[in-house]
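Secondary and tertiary structure notes
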Amino acid sequence: MCGIFARIANEPVAPALIEGLRRLEYRGYDSAGIATIEQGGIERRCAVGKVDALEAVVRSGPPAGTIGIAHTRWATHGSPSERNAHPHVAPGLAIAHNGIIENHRELRHALSDRGARFRSETDSEVIPWLMHQHMANGVSAKDAMHRVGEELHGAFAIAAISENEPNVLRAYRRGSPLAVGFGEGGGVLASDPQALAGYATEAMILEDGDSAEITRDGVTLFNRTGERVQRQTLAVDPSVFACEDNPYAHHMLREIHEQPDVIARILGQYRVPADVLAMVPVDFRRVSRITLVACGTSYYAAALARRWFQEFARVPAEVAIASEFRYEAFAPPLPGELAIVISQSGETADTIGAMEVMRARGIPVIALVNQIGSTIAREADGTIPLLAGPEIGVASTKAFSAQLTVLAMLALAAGQRRNQPGIGQFHARLQKLGDMVTAALHNEPAVIAVAERIHNAHSMIYVGRGSLFPVAMEGALKLKEISYIHAEGFAAGELKHGPIALVDPQTPIIALVASGSLFEKSASNIREIAARNGRIILVGDRAALLSLSDVSTHSLTVPQGCDLLQPIVSTVPLQLLAYHVARLRGLDVDRPRNLAKSVTVE
Ligand code: G6P
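Report follows, based on the coordinates. Please read all numbers here as calculations on a predicted model, not as lab measurements.

Section: unusual backbone geometry
In this chain, H86 is followed by P87 through a cis amide linkage whose omega measures -5°. In this fold, P87 is placed in the loop between β4 (67-73) and β5 (88-90). Even without a glycine there, the phi angle at N419 is positive, about 55°. Inspection of the secondary structure puts N419 in the loop between α13 (398-417) and α14 (423-430). In this structure, N533 is a non-glycine residue whose phi angle is positive, near 60°.

Section: the pairing of strand β10 (residues 186-190)
Among the five residues that make up β10, five are buried, leaving the element largely enclosed by the rest of the structure. Two strands pair when backbone bridges link them, and strand β1 (residues 3-9) and β10 are joined in this way by five bridges, in the antiparallel orientation. If you follow R7 over to β10, its bridge partner there is V188. The pairing of strand β9 (residues 179-183) with β10 spans five bridges and is classified as antiparallel. Bridge pairing in β10 places F182 opposite G187.

Here's the deal with the site of the ligand
The full set close to the ligand counts 13 residues, and S298, S343, Q344, S345 and T348 are the nearest of them. At 2.7 Å, a backbone N or O of Q344 approaches an oxygen atom of the ligand. In this structure, an oxygen atom belonging to the ligand sits 3.4 Å away from a side-chain N or O atom of E481. When the ligand sits alone it has 380 Å² of accessible area, and the protein chains cover 90% of it. Among the residues forming the shell around the ligand, the class breakdown is four nonpolar, seven polar and two charged.

Reading the values: the criteria
- Residues numbered from 1 in each chain as written.
- Predicted model: local features only at pLDDT ≥ 70, side-chain atom pairs only at ≥ 80, totals over all residues.
- Heavy atoms only, no water.
- Helix = DSSP H or I, 4+ residues; strand = E, 2+ residues; numbered from the N terminus.
- Buried < 20%, exposed > 50% of the residue type's maximum accessible area, 1.4 Å probe, protein only.
- Pairing = 2+ DSSP bridges.
- Near = heavy atom within 4 Å.
- Polar contact = N/O pair within 3.5 Å; in protein donor to acceptor, adjacent residues only side chain to side chain.
- Areas by Shrake-Rupley, 256 points an atom, 1.4 Å probe, with all protein chains shown as cover.
- Nonpolar A, V, L, I, M, F, W, Y, C, P; charged D, E, K, R; others polar.

Below, the structure is given as structure tokens:
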């Protein structure tokens with residue numbers, strides 16, 4: 001989604017603003033712009049499309065200002081165009097805005113009546129005009145920022161510069177994330193704390209209602225009543241954006257290959273199941289029902305974990321898509337209900353909304369979040385960090401395996417607390433997960449060979465049964481996200497109730513199988529596909545593949561595990577397949593069209 005970056009320094013900031021925007025590119029956007037103050041006046045440059053296009057505009061007339069704000073816009077109100085690109089201006093002011101202003105129509109009318117002249121179709125443009133009108137009435141820039149924050153409805157983060165105070169960067173936050181930092185060369189702010197890398201070693205995270213004042217001397221934060229405050233700080237990893245150190249062609253490929261390290265980190269940090277329980281204020285003996293809520297890839301992790309909570313902890317568990325769940329009508333909560341929300345970014349608006357619904361109903365919420373300091377991490381009743389490290393590729397990979405590893409630990413911990421048998425044995429098996437994922441990664445040449453055969457397909461079907469069903473859904477999501485090939489994941493047993501009509505020799509069918517109790521059932525479903533001339537690519541352990549070798553055109557081997565490990569291991573070839581198919585189609589793997597890494601609007 002939209003990204004904000006801003007800088008105040010002792011040298012021209014345009015190069016830093018462009019670099020900052022590049023760091024936010026992964027969030028997804030369709031136009032970009034910067035504004036600086038030069039010889040006392042606001043200078044603005046904008047371009048539709050990638051940051052490269054903006055850079056070309058900036059190069060043809062580089063602004064010399066040493067203070068500036070920058071923005072990548074993911075269109076919501078009005079099409080991607082130069083006119084709608086941020087920063088937006090009013091006389092003497094420029095602002096960049098993330099989020100949505102729900103009452104922008106009323107504000108626009110009122111401001112127009114008072115003389116404002118709007119140039120864009122965006123909701124954001126009301127912000128500089130509101131500030132301008134307050135400042136024209138003698139209100140200080142700091143107070144004007146707070147007043148505007150109170151007048152706006154919705155969720156937003158704002159960065160602003162003003163000709164009145166050409167040596168101050170201002171920012172305000174409600175709902176959308178914002179981090180500020182300070183280093184030797186000056187001050188910096190961004191919507192993603194990691195984007196501060198190289199400019200600051202620590203990021204201060206603004207809370208709702210806070211504003212920031214950044215000068216060449218330092219940073220001051222104010223709370224909603226205007227008092228000075230200190231806020232939580234996060235260490236900024238200096239290496240995240242060091243692409244020159246990336247031996248892989250894309251962030252996504254590096255992140256896929258990082259998965260064994262991520263799993264080792266998690267199992268090193270949470271050595272025994274009780275270690276994850278120590279992070280959350282929940283007594284699983286008293287839990288009567290669990291609702292897992294998430295979006296996208298995180299939802300598929302939730303769908304898988306639902307099974308584990310039932311199997312290992314014997315707690316009824318259900319799963320919900322956050323955007324649907326938040327507007328459902330609910331029966332009164334039962335005693336002992338627990339909600340688990342799962343989010344890589346911790347900023348997904350729908351997941352935050354679902355969390356608020358749960359809390360309003362008096363149900364405790366625990367969160368599994370990768371981005372420490374994010375809204376969900378701060379507002380949940382307890383948070384378990386996913387420890388995946390920054391994930392830059394828009395398509396989630398290592399965060400998914402981190403979610404599953406942590407959820408597996410949590411389900412085992414819940415089982416242990418509820419005195420269920422066999423937990424120690426499963427925990428021992430979990431220790432082998434990293435090696436199994438490494439073995440699955442070694443099979444990449446076979447995945448590439450399959451990708452070369454199928455990358456021109458128009459449509460693909462993924463099927464799986466039991467714990468492999470959510471994996472099939474996630475595999476199909478990965479493919480469509482980055483290759484733009486239509487793909488659907490189905491429960492293998494459901495195929496005959498409709499989707500089997502789609503089977504033809506042109507449509508590759510990725511069939512997930514595993515030796516074990518459901519093998520015969522899955523094998524029958526796969527043979528039904530073969531009988532209708534389906535083009536089957538099997539993904540499974542050696543024994544399962546061998547029994548179905550007569551019906552598959554290709555197969556991808558993964559190590560054999562149990563119900564806990566097999567789904568995680570089986571994800572690896574599907575991630576690699578999506579990656580290589582997209583690469584062979586010449587697509588921008590890390591920044592797929594229309595998508596955003598962190599979806600901060602409903
Ligand atoms: C976006 C991303 C997906 C992600 C989903 C949920 O749609 O493109 O890759 O799975 O959001 O994100 P979260 O940060 O809440 O896990």
